[in-house]
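Residue-level listing of the chains:
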Amino acid sequence: RLLGTVGAAGAAGLAIGAAGGAVAHASTADDPATALTTVGSTEVMFHGKHQPGITTPLQSRGHLIAFDLAAAAGPAAARKDAIALMRRWSVTASRLMAGKPAADGDTGIALDAGPSSLTVTFGFGRTFFGRTGLAAQRPAALDPLPAFSSDQLDPRRSEGDLWVQIGANDGLVAFHALRAIQKDAGKAARVRWQMNGFNRSPGATAHPMTARNLMGQVDGTRNPKPSEPDFDQRIFVPAEGRPGWMAGGSYAVVRRIRMLLDNWERLSVPEQEQVIGRRKSDGAPLTGGSETTELDLDKTGPDGKLIVADNAHARISAPEQNGGAAMLRRPYSFHDGIAADGTPDAGLLFICWQADPLKGFVPVQRKLDRGDALSTFIHHESSGLFAVPGGPESGEYVGQRLLE
Ligand code: HEM
């Protein structure tokens, strides 16, 4: 029988328990001609405490798309349009995630495929609140991120009133959702920017493994795990002091980080390993053990020098070095061809999730910005910060508790 589970579909760096909220369809297993594989049949739930696409295992395809609301007659009209849009988007997302066609004028792009772990996640940017007359509801956590000295941000590819993250384990299923979301926007919102990403396909490795990025590093090892007792508190906004509409919500920081791959690939493997503080082959700390062994930050080599260098990325970003700052990194790699200077326009669509950006991304990036060994090989090219409310209950649309 071609039954799927989230684990079999590839945990890809996130150890997900029930929080992943996925089931596999086996309805067609009796008919081998139409039976779906595990990859195609796995469905992630749209309704629930949290929106999908946060603790869901990494998918092999991703699209990020930001919209600005169209100019309306005033905040009340803008809010009315936004309500109608969030309603349309929620209906589309729940249908597509269940493997059904869009309600209105489906394009047929995903015909033949199952849900393929499709997730559609919606967020609100800082500018959304003023435009819709909801400034009083805007959480302080959406205050602009501080400027970092190494930022090279393009404002046209940053921020946005609304943000949609689409992930799926099939390229056509992901694109199908992207087109449906864009069509639903109609005249209510126009695309501000869009980015495409990928990760390894489920089943490409002998067993589910932590993902690799385009520098070849095992990336995601030290992510907080849903099974850890403080996971929810670190990733989802706690009850105390939050606006009610953010119950079950989280904040997403999105950065397009270009990798200077030509320069990176000129380093020897031992030099590359020094930059991170971990082995390239299996992600194990340079201080020994396997991928999941703790880094021994005080250990010195025969020459008396620290084995994990002072400026190693894994040292600087460790929660122990940042007052416990933690985030769930859930990125996609990107490759948009060759830039005008002949170098690959490739890197990481870095997406991290946290209960409070000031206790997650900001303190860590501040430290990395001051002298991380990796910073010579990367450029932060765009930035976005979005409030992602909790998942809707059945019959509700995403953001209903904010908008009504
Ligand atoms: C860890 C790569 C950007 C935060 C790591 C690891 C690698 C890595 C290979 C070690 C394995 C792991 O625990 O996942 C990269 C690359 C980046 C990048 C290639 C850019 C292209 C960032 C940024 C932040 C960040 C911008 C946040 C501001 C972290 C954190 C850890 C980590 C929190 C885990 C540290 C720990 O828990 O001990 N990164 N990283 N990284 N990185 Fe990055």
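Small disclaimer: the values here were computed from a predicted structure and weren't measured.

Q: How do you make sense of helix α7 (residues 269–276) when you look at a structure like this?
A: One turn of the α-helix equals 3.6 residues, which is why residues spaced by three or four share an orientation. Those residues of α7 lying buried are Q272, V275 and I276. When α7 is viewed along its axis, its buried side chains cluster within an angular range of 90 degrees and face the same direction. Every exposed residue of α7 that faces more than 90 degrees away from the buried side is listed here: P270 and E271. Of the surrounding secondary structure, the elements contacted by the buried residues of α7 are α8 (313–316). Where α7 terminates, the next one or two residues include G277, which has phi positive at roughly 95 degrees.

Q: Explain the site of the ligand here, please?
A: Within the structure, the ligand sits among 27 residues, and Q217, R222, S317, A318 and Q365 are positioned closest to it. Taken together, the elements giving at least two residues each to the shell around the ligand come down to β7 (250–259), α8, β10 (344–354) and α9 (361–369). Residue contributions to the shell around the ligand peak at four residues, all from α9. Residues that form the shell around the ligand fall into these classes: 15 nonpolar, nine polar and three charged.

Q: How do you make sense of the environment of M86 when you look at a structure like this?
A: Residue placement: M86 occurs in helix α2 (residues 75–97). Taking the number of C-beta atoms within 10 Å as the measure of exposure, M86 has 22 and is therefore buried. C-alpha separation for the pair M86 and L403, spaced 317 residues apart in sequence, amounts to 9.4 Å. Once you skip the residues sitting within four places of it in the chain, M86 turns out to touch Y397, V398, G399 and L403.

Q: Whenever I open this one, the UniProt feature "domain: Dyp-type peroxidase C-terminal" (unreviewed entry) in the protein chain confuses me. Can you help?
A: The sites that UniProt annotates as "domain: Dyp-type peroxidase C-terminal" (unreviewed entry) are residues 210–391. The span residues 210–391 is 17% helix and 23% strand, and its two end C-alpha atoms sit 26 Å from each other.

Q: I'm lost on the pairing of strand β9 (residues 332–338) in this one. Help?
A: Along any regular strand the residues' side chains alternate between the sheet's two faces. Alignment of β9 against β10, held across five bridges, turns out to be antiparallel. By the bridge assignment for β10, Y332 is matched with L349. As consecutive antiparallel partners, β9 and β10 are separated by five residues, and within that stretch G342 has a phi angle of approximately 85 degrees, a positive value.

Q: Would you take a moment to explain the UniProt feature "domain: Dyp-type peroxidase N-terminal" (unreviewed entry) in the protein chain for this structure?
A: The UniProt feature table records "domain: Dyp-type peroxidase N-terminal" (unreviewed entry) at residues 51–199. Taken end to end, residues 51–199 is 30% helix and 22% strand, and its two terminal C-alpha atoms sit 21 Å from one another.

Q: Help me understand the pairing of β7, please; the structure alone is not making it clear to me.
A: With respect to burial, β7 is a largely interior element, nine of its ten residues being buried. Of the strand pairs in this sheet, β7 and strand β11 (residues 378–388) are connected by ten bridges, and their pairing is antiparallel. Pairing of V253 across the sheet is with L385, part of β11. Two elements, β7 and β10, share eight bridges in a ladder whose sense is antiparallel. Looking at the pairing, I257 lines up with L348 of β10.

Q: I keep staring at the environment of E393 and nothing clicks. Help me out?
A: Among the secondary structure elements, E393 is positioned in the loop between β11 and α10 (400–403). E393 sits 340 residues away from G53 along the chain, and the two C-alpha atoms are 16 Å apart.

Q: Could you clarify how one ought to interpret the packing of α2 against helix α4 (residues 171–185) in this entry?
A: Look at α2 against α4: their axes get within 9 Å of each other, and the N-to-C directions meet at 160 degrees. Comparing the axis directions of α2 and α4 gives the class roughly antiparallel. Our pair here, α2 against α4, has a crossing hand that is right-handed. The segment α2 lies against α4, with L85, R88, W89, T92 and L96 engaging H176, A177, A180, I181, D184 and A185. A class-by-class count of the residues in the contact of α2 with α4 yields seven nonpolar, two polar and two charged.

Q: In this structure, what is going on with the nonpolar core? I would like to understand it.
A: It is characteristic of soluble globular proteins that their nonpolar side chains tend to be buried jointly. In terms of nonpolar packing, the biggest core is built from 90 residues, with V120, L162, A177 and I181 touching the most fellow members. Top element by residues in this core is α2. It accounts for eight residues. Dropping the residues within four chain positions of it, A177 is found in contact with L96, L118, V120, I166 and A168.

Q: Could you clarify how one ought to interpret α2 in this entry?
A: Helix length check: α2, at 23 residues, gives a terminal C-alpha distance of 32 Å against a target of 33 Å (1.5 Å per residue), a fit within 8%. Within two residues after α2, G99 carries a phi angle of roughly 85 degrees, on the positive side.

Q: What am I meant to see in unusual backbone geometry here?
A: Trans peptide bonds make up the majority, and among non-glycine residues the majority have a negative phi. Residue D112 is not a glycine yet carries a positive backbone phi of 85 degrees. Among the structural elements, D112 can be located in the loop between α2 and β4 (119–125). A positive phi is found at S117, a non-glycine position, where the angle reads about 60 degrees. Following the sequence through the fold, S117 ends up in the loop between α2 and β4.

Q: Is there a simple way to explain the confidence of the model for the protein chain in this structure?
A: Do not read the fine detail of predicted coordinates wherever pLDDT is low. The predicted model of the protein chain averages 92 in pLDDT, with 92% of residues at 70 or higher. In this model, residues 1–20 is a region of pLDDT below 50 whose contacts with residues beyond four sequence positions or in other chains number 67 contacts. Low pLDDT (under 50) marks residues 26–30, which in the prediction has ten contacts with non-local residues, meaning those over four places away or in another chain. Two summary scores accompany this predicted model of the complex, namely pTM at 0.94 and ipTM at 0.99.

Criteria and cut-off values
- Each chain has its residues counted from 1, running along the sequence as written.
- Owing to the predicted nature of the model, reporting of local features is limited to residues with pLDDT of at least 70; listing and counting of side-chain atom pairs is limited to 80 or more, with chain, interface and lining totals taken over all residues.
- Exposed residues have 12 or fewer other C-beta atoms within 10 Å of their own C-beta, buried residues have 20 or more, and residues in between are partly exposed; the C-beta atoms are placed from the backbone.
- Starting at the N terminus, helices and strands are each numbered in turn, a helix being any DSSP run of H or I of at least four residues and a strand any DSSP run of E of at least two.
- What the arc measures is the spread of directions leading from the helix axis to the C-beta atoms.
- What counts as a contact is two residues whose backbone-derived C-beta atoms lie within 7 Å of each other.
- Nearness between a residue and a molecule or strand is assessed with a C-beta atom placed from the backbone; a distance within 6 Å qualifies.
- Note on residue categories: nonpolar means Ala, Val, Leu, Ile, Met, Phe, Trp, Tyr, Cys or Pro, charged means Asp, Glu, Lys or Arg, and polar means any other residue, Gly included.
- UniProt positions are given in the numbering used here, feature names are shortened, and annotations may be inferred rather than shown by experiment.
- For two strands to pair, DSSP has to find at least two bridges joining them.
- For helices, the axis comes from a line fit to the C-alpha atoms of the stretch in contact; other axes are also lines fit to C-alpha atoms, and the angle between any two N-to-C directions lies between 0 and 180 degrees.
- By the definition adopted for this analysis, an angle is roughly parallel if under 35 degrees, roughly antiparallel if over 145, roughly perpendicular if from 65 to 115, and oblique otherwise.
- With the far helix as reference, a near helix turned anticlockwise by less than a right angle produces a left-handed crossing, and one turned clockwise produces a right-handed crossing.
- The term nonpolar core means buried Ala, Val, Leu, Ile, Met, Phe, Trp, Tyr and Cys residues held together as one set by C-beta atoms within 7 Å.
- Given the number of residues in a helix, its expected span is that number minus one, multiplied by 1.5 Å.
- Scored from 0 to 100, pLDDT reflects the predictor's confidence in each residue.

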